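# Architecture and fold: a report
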Amino acid sequence: MDNKDLEFITSKFESENINAPESLGFDKIEEKLEQKNGNIIKMNNRKTRFVKPVVAVAACFVIAFGAFLSVQTLNKNQGKVEPSANTASVELSGVRNFKSYDEIEKFINDIRAEESTRFKYFKGGVFAKNETAADGATSANPAAPSHSTTYTQVEGVDEADIIKTDGNYIYYIDSTGDTLMIYSVSDGKAEFCSKITVDNNDNGDKIFEEMYLSGDTIYLLGSDYNFDDGDFGTVVMSYDITDRANVKKTDEFRQSGSYSTSRMTGGSLYVISNFYAYDRRKVPYCSNGDGGFEKIPAEDICAFECCSTPGYAVVGVLDTSSGKQVTHKVKAVLGGADNVYCNTQNLYVACTDYGNRVKSSGKTESLKLTTEILKYSISDGTLKEQSTGTVEGYTNNQWAFDEKDGYLRVATTTNTKDGKDVNKLFVLDKDLKKVGEVENFAKNEHIEAVKYIDDYAYVITFERTDPLFVIDLSNPQKPQIKGEVKIDGFSTNLVPIGEDKLLGIGYSTSDSEWGGTVAEGVKAVLFDISDKNKPKVLDEKVYSYCYSEAQYTHKAILRNYDRDYVAIPVGSFDDYGGGALVFKEKGGKIEVVKKYQSDFEVSRVVNIGSTVYAVDYDENNIGSFTVK
């Protein structure tokens, strides 16, 4: 990122008569990148997968400092399209429904008027299951060898990633985002088969970001920047891979906004993008099924009752059996999507509100930092608004959410009046009304990781040590902390391993010369959770000069249940390559069953049978080793 990126954002502010806050100055942003969450510095020089056009990069930094500024969509074909006659809207308390585009424009005008006087930075930022055998489970396809799948949050709900395997082939997106590589695998060896190259033209800059593999179809998801319009869209491309050596594109669709996340379940692909309304007259678009685009009907757009920014979360649904998208299956909500939680029945869109908010009445009120939640039913492949709710604080990622027996559990971090971090865990009923709460635990610390297993939540918080809290949720009306244990460093992912044990994957820490805390290296910690009142730290391993993408995303974790191990990719800080680490729990200790070393940095690991393939998407290298 350079000064031109900030100049672009500043020009956008000025065009709307908005004064860019001092915190968005280049020096301030550079400083904040060095210091995350107050005085914690995460030492990491891992390679960046690919660089989006500079406007996308700039927008990401604005998001991190409290304004939801995802740039707009590709919107060719800007002729007016009337709302579809068969579109039905649901009136919910807690959201504002619209009957016309004029109503939406007026609502955005109120937001923009209030937004121009208020930009607040909140320490910690917004960005960032029930335990099931779906985590790293092997394929049910009898024609293919047993193989790993993406490590997911919820059974029956797939998540997109940069790599997939079907047991016979490995598919991965290279670091440029321009190419999908396909390798055939046999007897521990991977051989290049073919590739799919992004089909950009002179007017656009399309990149692949993640993918799904469904039988003989690949769905590639990414962002598409249109240089003519200066807008971003999210694009999904489907390819027939029946003949892996001769892949054919079968369909493509777009919707407004930069790609955020997605889920696949029940024969449907749910795609979520973030669209920022720089021009208050623009509303989100989507493909109309005939090669053109149309506005999402006003009746399918709503807004959180209190909304602090004119950013839309656009939720599109694709029928993966046909590859087509039906217009009335696209919804949008003003307020945006910071985190998304999805199971087989419901999809929850959550956005963080920073305090000064415009109510649907047009009045501005000052409230605490909150997370607004909108619940959609998806059981029949359509999106139906069910309920809305609000909890205090922000959520660090999707793992802060979990639904069990109709109750949604949400773990958040917020601030006290004197600016100190404090944490809460809420239990909401099916209507998203609060029925229970654990208040103000781990003061002066913030949440780094959450794992829900049955009736318990395991929460990692951090300031200078790494406490693991065990929270009993068996009585939704009276959740309570049962026990806790502390250890140096902190975990960012928690993975069940062995019996009644959790493997924490995260960072080692040390004191910096400036008086803060330096987070560096890879640290694995084994927690004993058999006694909920007295969790224990059984063992730990530290690799001081390494980093792993598993510290940043759960999708980089390989969980093999057949052989009961956890594998993570490893990169080195010193340009001497990388490799992979394979952990097992044995007798209450972390057993490193394999320390694979390579001349290249490893970004993902997948297994096929007893062979683990280590992939470096920067150099297009695939190595392998055996775990018995």
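It should be emphasised that the depicted structure is a prediction, and the values quoted were computed from it without experimental measurement.

## Some remarks on the overall build of the chain
Each helix and strand in the chain was counted, giving four helices and 45 strands. The buried share of the chain, reckoned over its 628 residues, is 59%. Counting every atom, the chain has about 24,200 Å² of accessible surface; 43% of that belongs to carbon and sulfur.

## Observations regarding the side chain of T461
Inspection of the secondary structure assignment puts T461 in strand β31 (residues 456-462). Given the relative accessible area of 0%, T461 is considered buried. Those residues within four positions of T461 in sequence are excluded, and the remaining contacts are N423, F441, A442, E445, H446, I447, E448, D466, P467 and F469.

## Examining the pattern of salt bridges
Enumeration according to the criterion identifies 24 salt bridges in this entry. Of the charged contacts in the structure, one is a salt bridge between E252 and K249, with a shortest N-O distance of 2.2 Å. Between R409 and D402 there is a salt bridge; the shortest N-O distance is 2.7 Å. Residue D402 is classed as buried on the basis of its relative accessible area, which comes to 0%. Three or more residues joined by partner-sharing salt bridges are found here, namely K206, D224, K249, E252 and R254.

## Observations concerning the sheet that holds strand β24 (residues 370-377)
In spatial order, the strands read β20-β21-β24-β25; together these four strands make up an open sheet with antiparallel pairing. Where the open sheet ends on each side, the last strands, each with one partner, are β20 (339-342) and β25 (384-392). When strand polarity is set aside, the average angle formed by the axes of neighbouring strands in this sheet is 20°. Alignment of β20 against strand β21 (residues 346-353), held across four bridges, turns out to be antiparallel.

## Concerning the packing of aromatic side chains
Evaluation of the coordinates by the stated rule reveals 13 aromatic pairs. Stacked on the ring of Y456, the Lys or Arg K532 has its end atom at 5.0 Å from the ring centre. A cation over a ring is seen here: R559 above Y561, with NZ or CZ 4.2 Å from the ring centre.

## Notes on the environment of I108
One can find I108 in helix α4 (residues 101-115). Its relative accessible area of 0% is what places I108 among the buried residues. Not counting the four nearest positions on each side in its chain, I108 is found in contact with A277, R280, P310, Y312 and L334.

## Some details on unusual backbone geometry
Positive phi outside glycine occurs at N440, with the angle close to 50°. Along the polypeptide, N440 turns up in strand β29 (residues 434-441). Despite not being glycine, D500 shows a phi value in the positive range, around 60°. Examined against the element boundaries, D500 turns out to sit in the loop between β34 (490-496) and β35 (501-511). Residue classification places D500 among the partly exposed positions, given a relative accessible area of 38%.

## Describing the sheet that holds strand β45 (residues 621-626)
In space, the three strands of this open sheet follow the order β43-β44-β45, with antiparallel pairing throughout. If you trace the sheet from one side to the other, it starts and ends with β43 (604-608) and β45, each paired once. For this sheet, the mean angle separating the axes of adjacent strands, direction not counted, is 25°. As paired strands, β43 and strand β44 (residues 611-616) are joined by five bridges and run antiparallel to one another. Across the sheet, residue V605 finds its bridge partner in β44, namely A614.

## Structural notes on the side chain of D161
Following the sequence through the fold, D161 ends up in the loop between α4 and β3 (163-165). In this structure the side chain of D161 is engaged in a polar contact, spanning 2.9 Å, whose partner is the side chain of R604.

## Regarding the pairing of strand β4 (residues 169-173)
Of all five residues making up β4, four are buried, and the element is well covered by its neighbours. Bridge count between β3 and β4: three bridges; the pairing is antiparallel. Counted as the bridge partner of I163 is Y172 from β4. Counting the residues between successive antiparallel strands, the hairpin from β3 to β4 contains three residues, one of them, G167, with a positive phi of roughly 95°.

## Some remarks on the nonpolar core
By size, the foremost hydrophobic cluster in this structure holds 34 residues, and its most contacted members are L347 and I373. Taken together, the elements giving at least two residues each to this core come down to β12 (268-276), β15 (301-304), β17 (311-319), β20, β21, β24, β27 (407-415) and β28 (421-428). The leading source of residues in this core is β21, at five residues. Formed by 20 residues, the second largest nonpolar core is a distinct cluster that contains C546, I568, L581 and I590.

## Quick word on the confidence of the model for the chain
The predicted model of the chain averages 79 in pLDDT, with 73% of residues at 70 or higher. Ranking the elements of the chain by mean pLDDT puts helix α3 (residues 54-64) last, at 33, and strand β26 (residues 401-404) first, at 98. Low confidence marks residues 43-48, where pLDDT is under 50. Its contacts with residues over four positions away, or in another chain, come to 18 contacts. Counting interchain partners and residues more than four positions distant, the pLDDT-below-50 stretch residues 50-89 has 129 contacts.

## Observations concerning the environment of Y552
Of note, Y552 is situated in the loop between β38 (546-547) and β39 (558-560). For the pair Y552 and I505, spaced 47 residues apart in sequence, the C-alpha to C-alpha distance is 9.8 Å. A distance of 3.3 Å separates polar atoms of two side chains, one belonging to Y552 and the other to Y507.

## Some points on the environment of S603
Inspection of the secondary structure puts S603 in the loop between β42 (589-598) and β43. For S603, a relative accessible area of 3% puts it in the buried group. S603 sits twelve residues away from V615 along the chain, and the two C-alpha atoms are 6.0 Å apart. A polar contact of 3.4 Å, which involves the side chain of S603, links it to the backbone nitrogen of Y617.

The rules behind each value
- Residues numbered from 1 in each chain as written.
- Predicted model: local features only at pLDDT ≥ 70, side-chain atom pairs only at ≥ 80, totals over all residues.
- Heavy atoms only, no water.
- Helix = DSSP H or I, 4+ residues; strand = E, 2+ residues; numbered from the N terminus.
- Buried < 20%, exposed > 50% of the residue type's maximum accessible area, 1.4 Å probe, protein only.
- Areas by Shrake-Rupley, 256 points an atom, 1.4 Å probe, with all protein chains shown as cover.
- Contact = heavy atoms within 4.5 Å.
- Salt bridge = Lys/Arg side-chain N within 4 Å of Asp/Glu carboxyl O.
- Pairing = 2+ DSSP bridges.
- Axes fitted to C-alpha atoms, helices over the stretch in contact; angles between N-to-C directions.
- Phe/Tyr/Trp six-rings, centres within 6.5 Å; stacked < 30°, edge-to-face > 60°.
- Lys NZ or Arg CZ within 6 Å of the ring centre and 35° of its normal.
- Polar contact = N/O pair within 3.5 Å; in protein donor to acceptor, adjacent residues only side chain to side chain.
- Core = buried A, V, L, I, M, F, W, Y, C linked by side-chain atoms within 4.5 Å.
- pLDDT = per-residue confidence, 0-100.

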